Amino acid sequence: MSFTDELAAIGDPVWDAIVAHPMLEGLGEGTLDESPFRYWVRQDYVYLVEYARVFALGAANAPDLRRMGTFAELLDSTINTEMDLHREYAAEFGISEADLEATEPSPTTQAYTDFLVRVAATGTFGDLVAALLPCMWGFNETARRLEERGRPDHEQYAAWIAMYVGEDFTDLTAWCKDLLDDVAADATESERDRYRDIFRTSARYEYRFWDAAWREEEWSV
């Protein structure tokens, strides 16, 4: 059994909770009110900026040139391709680039991205990979489960499912799983325990990120 096979015992209950959340149920059925989804689109843009920083730190901390190159490619594609696609997608909901740039991170977005960047900046390369994986795995698994139910008539929600169940994102998820398996194979048991804890925290934040969008969370003061 691979290390990520073991992590499935941690991840699966979280993916179950995400798919059962009314935000995702509504997205999958095409009945979700667009207001919380617009909130999610704006917060996800903020998240992507910080996610790119994690890829940059991955390139800096990679133990070999091959992995350094992969993280550099991910950084480039996130900044120069994925964020452009996100802007185009946001425009379909009437959200301008200026709106995206002006978005203040919610408490959950701030906490999640601070966690990711801190782990990437102060932890080991393995810590960084463990922190990254739940975002990829969670989105891919959520989209796969929604796809199995049939895509909704809502064009933009169907496009969201298609993006994250697609071959490119599925391959990216598999790559990150394989990378963590490789790193964990050479790790001590205490290091693997730390990877599990980091993975669990990131996975929990994935749930909280959706829940914050559903509630359109704001700062209290």
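You'll find the structure just up there.
Residues numbered from 1 in each chain as written. Predicted model: local features only at pLDDT ≥ 70, side-chain atom pairs only at ≥ 80, totals over all residues. Heavy atoms only, no water.

Visitor: Please set out the overall build of the chain residue by residue, giving values where relevant.
Guide: Assigned secondary structure in the chain consists of 10 helices and 0 strands. Taking 17 Å as the expected radius of gyration for a compact globule of 221 residues, we find that the chain reaches 17 Å, a close match to that expectation. In terms of its C-alpha atoms, the chain occupies a principal-axis envelope of roughly 45 × 40 × 35 Å. When the 221 residues of the chain are sorted by exposure, 50% land in the buried category. Intrachain contacts of the chain at a sequence separation of at least 6 include 82% that bridge at least 24 residues. For the chain, the exposed surface amounts to about 10,300 Å²; the carbon and sulfur share of it is 49%. Each charge sign in the chain was given a centre, from 19 positive and 44 negative side chains, and these centres are 5 Å apart. (Helix = DSSP H or I, 4+ residues; strand = E, 2+ residues; numbered from the N terminus. Rg over C-alpha atoms; globule rule 2.2 N^0.38 Å. Buried < 20%, exposed > 50% of the residue type's maximum accessible area, 1.4 Å probe, protein only. Contact = heavy atoms within 4.5 Å. Areas by Shrake-Rupley, 256 points an atom, 1.4 Å probe, with all protein chains shown as cover. Lys, Arg positive; Asp, Glu negative; His and termini not counted. Charge placed at Lys NZ, Arg CZ, Asp CG, Glu CD.)

Visitor: I'd like to hear about the state of the cysteines, residue by residue, with values.
Guide: Considering all chains together, one arrives at 0 disulfides under this definition. Considering cysteine sulfurs only, Cys176 is the nearest to Cys135, which forms no disulfide, with 9.4 Å between them. By relative accessible area, which is 1% here, Cys176 ends up buried. (Disulfide = S-S within 2.5 Å.)

Visitor: Which residues make up the packing of aromatic side chains, and what values go with them?
Guide: Scanning the model with the defined rule gives 27 aromatic pairs in all. Here Trp160 and Tyr164 contribute two aromatic rings whose centre-to-centre distance is 4.9 Å and whose plane-to-plane angle is 55 degrees, an arrangement assigned as tilted. With Trp160 and Tyr164 both in helix H8 (residues 155-165), this residue pair falls 4 residues apart, about one helical turn. Taken as a pair, Trp160 and Tyr164 share a single burial class, namely buried. Chaining the aromatic ring pairs together yields one cluster made of Phe37, Trp40, Tyr89, Phe93, Phe139, Tyr157, Trp160, Tyr164, Phe169 and Trp210. (Phe/Tyr/Trp six-rings, centres within 6.5 Å; stacked < 30°, edge-to-face > 60°.)

Visitor: Go over the side chain of Arg87, please, and point to the residues and values.
Guide: Within the element layout of this structure, Arg87 appears in helix H4 (residues 65-91). Here Tyr45 takes part through its side chain, which lies 3.0 Å from a polar atom of the side chain of Arg87. In this structure the side chain of Arg87 is engaged in a polar contact, spanning 2.6 Å, whose partner is the side chain of Asp84. Not counting chain neighbours up to four residues away, the residues in contact with Arg87 comprise Tyr45, Glu97, Leu100 and Glu101. (Polar contact = N/O pair within 3.5 Å; in protein donor to acceptor, adjacent residues only side chain to side chain.)

Visitor: Describe H8, and please don't skip the residues or the numbers.
Guide: Where H8 is concerned, the buried positions are Gln156, Tyr157, Ala158, Trp160, Ile161 and Tyr164. Packed against the buried residues of H8 are helix H2 (22-29), helix H3 (34-61), H4, helix H7 (125-149), helix H9 (167-185) and helix H10 (189-215).

Visitor: Tell me about the environment of Tyr157, residues and numbers included.
Guide: The topology assignment puts Tyr157 in helix H8. Among the residues examined, Tyr157 registers a relative accessible area of 0% and is labelled buried. Residues Tyr157 and Thr31, 126 residues apart in the sequence, show an inter-C-alpha distance of 9.5 Å. Not counting residues within four places of it along the chain, the set of residues in contact with Tyr157 comprises Leu27, Gly30, Leu32, Asp33, Glu34, Phe37, Tyr89, Phe93 and Pro152.

Visitor: I'd love a proper account of the nonpolar core, names of residues and values included.
Guide: Counting 68 residues, the largest nonpolar core has Leu27, Phe37, Trp40, Phe71, Trp160 and Trp210 as the members making the most contacts within it. For this core, the element with the highest residue contribution is H7, accounting for 13 residues. Once residues within four sequence positions are removed from consideration, Trp210 is found in contact with Ile18, His21, Met23, Leu24, Leu27, Trp40, Phe139 and Trp160. (Core = buried A, V, L, I, M, F, W, Y, C linked by side-chain atoms within 4.5 Å.)

By themselves, these figures tell us nothing about what the structure is for.
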